[in-house]
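A closer look at the structure
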Amino acid sequence: MMKIAVIGSGSWGTALAKVLSENKHDTVLWGRKQTIIDEINQTHTNEKYLPNVSLPKKIKATTSLSEAVSKAAMIILVVPTNAMRQMAQELNPLLEDQAQAPVIVHASKGLEMNTQLRISEVLTEVLNKDNYQDIVVLSGPSHAEEVARQDVTTLTAASENLEVAQVVQQAFMNRYFRVYTNTDVIGVELGGALKNIIAVGAGIISGLGYGDNAKAALITRGLAEISRLGTARGADPLTFIGLSGVGDLIVTCTSPHSRNFQAGTLIAKGYSRAEVSEKMFMVVEGILTVKVAYELAKEYGIDMPITEMLYLALYTDKKISVEDAIESLMLREGKQEESLDK
Ligand SMILES: NC(=O)C1=CN([C@@H]2O[C@H](COP(=O)(O)OP(=O)(O)OC[C@H]3O[C@@H](n4cnc5c(N)ncnc54)[C@H](O)[C@@H]3O)[C@@H](O)[C@H]2O)C=CC1
Ligand SMILES: O=C(CO)COP(=O)(O)O
C-alpha cells in the first residue's frame, strides 16, 4: 500500500480517489475549492460533483498541493485538459524535494488548445524528467457515477514503460475495477480525446429525434475518422478497437451520464457554444477538442467530415444548421469503406 495523491476533486478525481482508498492506499485528494474540500473531510461526500455517494472516511482532502504530493509514490492528475499545463507548472518545483521519484498518471481526455499537444506531451514539456519515474495514461469507458457505485468497469493504463503501467494497474485493480496495460500512449490518449467530439454529435442526433441507425452510423464512421487521425499521428490502429477507442466511444455516445452527450442535446435545442458551456457546470472536453482536431485534420490532410461539420456549426458564423450539416454528410461524394490493405 502506498501514498497516492489525486489532483482534481471533480467527479472523476473523486471517483478515482474512492477506488484507491477502497484498495487501502493512503489517498489524498487535492482540490482548489475550500468548501468542497471541507465537505469531503467532514461529511465524506462531494454532492456537487458526485451526488448521492458516500466516500471512504480515510480519504484526506486538502487545498495544499505540497501537502497532497509530499511523499506520494503516485500522483494522479485529473483536472480539465486546459488546466493541465498550469497544474504541472505548480507541481514541478514540489517534485524536487521528494525522496523517491513518483509515478505520474493522468486520467483526463483532451488535446491542449493552441499547442494541439496530447496531455502526456504537455506534462513531459513542463515536468523535470529527473523528478518523476514515468508518465502513465489511465483511460477507458468509465463514467464516474458508475465507478462510484462499484459497477463493473474496465480501463487501460498506458505507458511506454510497461513496468510502470503495471504498477498503476496493480494500484487500481479490484473486483469491480479491472485495468489492462498498453504501451501505445498516442493511441490511448487520442482515442480518449477524440471520442468526446463524436459523443457531442451523438447528443445532437438524439436531441433531434434521430433513431438507432443514425447513432450506429455516427459511432462507426466516427471511429473511422478517429483512427485516420490517430494513425497519422503515430498510433497503432488496433488500439482504436480496444477499451480506450471503441469502448469509450460506445459508452460516451450512449450514456446519459456523458457530459459531452448532454451538451449535444443542448446544441440540438439551439443553444450556442457559449450558452452550452455556461449551462453545463462540469467540463465538456469535446467542445474544445473539436477545434483542435479540425485544425490537425487540415494540417495532416485527413478527411474528418463529422468533426468538420461540428466545427463549422460551433465555431464559424457560417450559420450551418445541424439538419443541413447532416444532409451535407449524407449527400457528399460516395466513398469506399476502409479495409486493412489500404
Ligand atoms: N467524469 C467522468 O466520468 C470522467 C471524466 N474524465 C476526464 O477527466 C477530466 C476531469 O473531468 P471531471 O472530473 O469529470 O470534471 P468535473 O467538471 O467534474 O471537475 C473538474 C474539476 O477540475 C477543477 N478545475 C477546473 N479548472 C481548474 C484549474 N484551472 N485548475 C485546477 N482545477 C481546476 C474543478 O474545480 C473541478 O474540481 C476530463 O478531462 C474528463 O474528460 C475521464 C473519465 C471519466
Ligand atoms: O470519458 C468519459 C467516460 O469514459 C466521460 O465522458 P463525459 O466527459 O462525456 O462525461
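Residues numbered from 1 in each chain as written. Chains lettered and ligands numbered in written order. Predicted model: local features only at pLDDT ≥ 70, side-chain atom pairs only at ≥ 80, totals over all residues. Heavy atoms only, no water.

Along the polypeptide, K215 turns up in helix α9 (residues 212-232). Of the side chains with opposite charge, D212 comes closest to the buried, unpaired K215, at an N-O distance of 5.7 Å. Residues contacting K215, with those up to four places away along its chain left out, are I205, C253, T254 and F261. (Helix = DSSP H or I, 4+ residues; strand = E, 2+ residues; numbered from the N terminus. Buried < 20%, exposed > 50% of the residue type's maximum accessible area, 1.4 Å probe, protein only. Lys, Arg positive; Asp, Glu negative; His and termini not counted. Salt bridge = Lys/Arg side-chain N within 4 Å of Asp/Glu carboxyl O. Contact = heavy atoms within 4.5 Å.)

This part covers the sheet that holds strand β4 (residues 74-77). Spatially, β3-β2-β1-β4-β5-β6-β7-β8 is the arrangement adopted by the eight strands of the open sheet, whose pairing is mixed. Among the strands making up the open sheet, the edge pair consists of β3 (60-62) and β8 (177-182). For this sheet, the mean inter-axis angle between neighbouring strands, taken without regard to orientation, is 25°. Across the sheet, helix α8 (residues 185-207) lies against β5 (103-106), β6 (135-139), β7 (153-158) and β8, angled at about 40° from β6, the strand it touches most. (Pairing = 2+ DSSP bridges. Axes fitted to C-alpha atoms, helices over the stretch in contact; angles between N-to-C directions.)

Time to look at the pairing of β4. In β4, alternate side chains face the same way, and those of M74 and I76 on one face and I75 and L77 on the other are all buried. By the bridge criterion, four bridges tie strand β1 (residues 3-7) to β4 in an arrangement that is parallel. Pairing of I7 across the sheet is with L77, part of β4. For β4 and β5, the ladder comprises four bridges, and the chain directions are parallel. Each residue of the ladder has a partner; that of M74, found in β5, is V103. Chirality of the crossover, the property in question, places the unit of β4, helix α4 (residues 84-95) and β5 among those that are right-handed. (Right-handed = clockwise from strand over helix to strand, strands pointing away.)

Next up on the list: the pattern of salt bridges. Using the criterion set out here, one finds 15 salt bridges in the structure. In this structure, K195 engages D248 in a salt bridge whose closest nitrogen and oxygen atoms are separated by 3.9 Å. You can see K195 sitting in helix α8 and its partner D248 sitting in helix α10 (residues 243-254), a full 53 residues away along the chain. D248 shares its class with K195; the two are buried. Across the pair R228 and E338 runs a salt bridge, and its minimum N-O distance is 2.7 Å. With R228 in helix α9 and E338 in the segment after α15 (322-331), this pair connects stretches of sequence that are 110 residues apart. Exposure remark for R228: the relative accessible area of 24% places this residue in the partly exposed category. Because the salt bridges share partners, they merge into one network encompassing R85, E112 and E125.

Around ligand 2, the structure places 13 residues, and the nearest of them are K195, D248, S258, R259 and N260. One of the backbone N or O atoms of G140 is found 3.1 Å from an oxygen atom in ligand 2. In this structure, S258 approaches ligand 2 through a side-chain N or O atom, which is 2.7 Å from an oxygen atom. In isolation ligand 2 exposes 310 Å². Once the protein is present, 91% of that is buried. (Near = heavy atom within 4 Å. Polar contact = N/O pair within 3.5 Å; in protein donor to acceptor, adjacent residues only side chain to side chain. Areas by Shrake-Rupley, 256 points an atom, 1.4 Å probe, with all protein chains shown as cover.)

Let us now look at the side chain of K195. Using a relative accessible area of 5% as the deciding quantity, one classes K195 as buried. Discounting residues that sit within four places of it in the chain, K195 has contacts with K109, I226, D248, L249 and T252.

Segmenting the protein into domains produces domain 1 (3-183) and domain 2 (186-331). Taking only C-alpha atoms into account, the centre of domain 1 sits 25 Å from that of domain 2. Taken residue by residue, the interface counts 31 residues in domain 1 and 32 residues in domain 2. Overall, the association of domain 1 and domain 2 removes approximately 2500 Å² of surface from exposure, summing both partners, and the carbon and sulfur fraction of that is 62%. The largest share of the area that domain 1 buries against domain 2 comes from L111, Q116 and H143, three residues that together contribute 26% of it. Our count for the domain 1 to domain 2 interface comes out at two salt bridges. For R118, the salt bridge goes to E189, with nearest N and O atoms at 2.7 Å. The tally of links between domain 1 and domain 2 comes to six residue pairs in polar contact (both at pLDDT 80 or more). The set of elements that each furnish at least two residues to the side of domain 1 that touches domain 2 consists of α5 (119-126), β6, α6 (144-148), β7 and β8. Looking at the side of domain 1 that touches domain 2 element by element, the count peaks at four residues for β7. When its residues are assigned to classes, the side of domain 1 that touches domain 2 shows ten nonpolar, 14 polar and seven charged. (Domains from an automatic or database assignment. Buried area = accessible area lost by both parts, 1.4 Å probe. Nonpolar A, V, L, I, M, F, W, Y, C, P; charged D, E, K, R; others polar.)

What UniProt calls "domain: Glycerol-3-phosphate dehydrogenase NAD-dependent N-terminal" (unreviewed entry) maps, in this numbering, to residues 3-164. The span residues 3-164 shows a helical share of 33% and a strand share of 20%, and its end C-alpha atoms are spaced 16 Å apart. (UniProt positions renumbered as here; feature names shortened; annotations may be inferred.)

Estimates place the volume of the largest pocket at around 970 Å³. Surrounding the largest pocket, 39 residues form its lining, G10, V78, V79, P80 and V283 being those nearest its centre. Among the elements of the structure, α1 (11-22), α4, α6, α8, α10 and α11 (259-268) are those that each provide at least two residues to the lining of the largest pocket. (1 Å grid on protein atoms, 1.4 Å probe; cavity = no way out; pocket = protein on both sides within 12 Å on 5 of 7 lines; lining within 4 Å. Points joined across faces, edges and corners; volume = space filled by probe spheres on them.)

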